[in-house]
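So the chains spell out like this:
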Amino acid sequence: MRFFDQQADARTRSRQLSWAFALAVTATAVGMNLALSLPWVIWNAFAPHYAAYPLGFMPINIGLTLLLILGGWWIESSNCRHGVRLAEKLGARRAQPGTRFAEQRLVNIVGEICIAAHMPAPAVMVLPRHEGINAFATGTTPLDWAVTVTDGALERLTRDELMGLIAHECSHLKEGDTALNMRLMGMVAGLEMVWDFGRSLIPEPEADDERRNEDWRWQLRTFQTPLAALGLVFGPIIMAVGWLGWLAGHILQAAVSREREYLADARAVQWTRQADGLGRTLRKILTQQQEAAAQRPLARPLLRLSRASHLFLVADDGQWPTPENPGRLGRFLATHPPLPERIRRIYGRPRSPLPLPLIDQRTGEPVIELPPHAW
């Protein structure tokens, strides 16, 4: 794996996509002004009398749009800013190396990787009672960094494989991916607030008479109230602009997240000096996903916060097309590249999935599981 070349390519594409995201936010603000001016354009085209724009029409429209976007960004970022607190919201707890050998090994590996990466050691967290192999990094500053690993990863990964997984997550912290993703997700939440604002302007029928919602006569009666009439005119326009801005922002944010995953994969190979560490981890996760797709024993319990799926090593959110879900839009909205592609980039060629034996924490060797009748 030519990890230095892949890192340079991922950084370049990330910068380009970040600029495109900023352009999408600007286009949403400008598009809002143009869309809201559409009623005046239609009126002046067909009415005998010219209608002038209200005083401060453009500054107010653009300012209100930016206020909604930045307000949503501030609210979302405030909820996800603190790394340890966010990990605890997802169900994690502090590692207890004195009570469990697997957690002692985890703490040791995190320290070794941080020495190799020349970075401060983050808080070490464990996500208990989760059999899936996964991990995530949270925090925007070194004082609040945290790396969380699932119980399944501690039980199913060898020491080298766990080093590759930890190196991947530490790369997200050192490269500032967690802070970048939080900012972008906050902006996406702000773009969604534009749609919510437009929806709130549309008058709704009274709760005790739901049939009015489908009655065209009720729609006509609302025009007798000036504010309700303005809501019916401008509400759908704002909703349309907000939806287009949200979709463009979400697609670009997901594209940035995918590039940062490739960058973290390359960093992990650089710091561990072996492709098999992270490569074998991803191949085991591929096996786990194939078994889950065939059996469906659990209903995706890992992601308690859907907007935090981009934090994980592998996001099991069903966005990539499968035989059960062959859609195309998921390719653009997925926050992670497909596992086979990540494995191919690490090894330089496709590799098959690996079995999932339990690992003896003291020897690092697979545990031989005897059939019941052997006892």
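Refer to the structure presented above.
Because the structure is a prediction, the values reported are computed rather than measured. (Residues numbered from 1 in each chain as written. Predicted model: local features only at pLDDT ≥ 70, side-chain atom pairs only at ≥ 80, totals over all residues. Heavy atoms only, no water.)

1. A short note on the side chain of Thr150
Examined against the element boundaries, Thr150 turns out to sit in strand S4 (residues 146-150). For Thr150, the side chain forms a polar contact with the main-chain oxygen of Gly132, separated by 2.5 Å. (Helix = DSSP H or I, 4+ residues; strand = E, 2+ residues; numbered from the N terminus. Polar contact = N/O pair within 3.5 Å; in protein donor to acceptor, adjacent residues only side chain to side chain.)

2. A closer look at the pattern of salt bridges
Enumeration over the complete set of coordinates arrives at 14 salt bridges. For the salt bridge of Glu103 with Arg93, the shortest nitrogen-to-oxygen distance reads 2.7 Å. Here Arg93 lies in strand S1 (residues 93-94) and Glu103 lies in helix H5 (residues 101-117), a separation of 10 residues in the sequence. Salt bridges here are not isolated pairs; linked through shared partners, they connect Arg93, Arg100, Glu103, Asp151 and Glu155. (Salt bridge = Lys/Arg side-chain N within 4 Å of Asp/Glu carboxyl O.)

3. A closer look at the pairing of strand S3 (residues 135-138)
The two faces of S3 match: Ala135 and Ala137 on one face and Phe136 and Thr138 on the other face are all buried. In this structure, S3 lies alongside S4, joined through 4 bridges in antiparallel fashion. In the strand pairing of S4, Ala135 is matched with Val149. (Buried < 20%, exposed > 50% of the residue type's maximum accessible area, 1.4 Å probe, protein only. Pairing = 2+ DSSP bridges.)

4. Thoughts on the environment of Asn33
Position of Asn33 among the secondary structure elements: in helix H1 (residues 3-36). Along the chain, Asn33 and Val241 lie 208 residues apart, while their C-alpha atoms are 9.7 Å from each other.

5. Details of the packing of H5 against helix H7 (residues 159-174)
At their nearest, the axes of H5 and H7 sit 9 Å apart, and the two run at 55 degrees to each other. By the angle class used here, H5 and H7 are oblique. Taken as a pair, H5 and H7 cross one another with a handedness that is right-handed. Taken together, the residues of H7 that come into contact with H5 (itself represented by Arg105, Leu106, Asn108, Ile109, Val110, Glu112, Ile113, Cys114 and Ala117) are Arg159, Leu162, Met163, Ile166, Ala167, Cys170 and Lys174. The class makeup of the residues in the contact of H5 with H7 is 11 nonpolar, 1 polar and 4 charged. (Axes fitted to C-alpha atoms, helices over the stretch in contact; angles between N-to-C directions. Parallel < 35°, antiparallel > 145°, perpendicular 65-115°, else oblique. Left-handed = near helix turned anticlockwise from the far one by under 90°. Contact = heavy atoms within 4.5 Å. Nonpolar A, V, L, I, M, F, W, Y, C, P; charged D, E, K, R; others polar.)

6. Details of a nonpolar patch on the surface
Taken together, the side chains of Leu38, Val41, Ile42, Phe46, Tyr50 and Tyr53 make up a nonpolar region of the molecular surface, amounting to roughly 690 Å² of accessible area. For Tyr53, the location among the structural elements is in the loop between helix H2 (38-46) and helix H3 (57-80). (Patch = residues over 30% accessible without salt bridge, like charges linked within 9 Å, V, L, I, M, F, W, Y side chains within 5 Å. Areas by Shrake-Rupley, 256 points an atom, 1.4 Å probe, with all protein chains shown as cover.)

The quantities given are spatial measurements derived from coordinates; they are silent on function.
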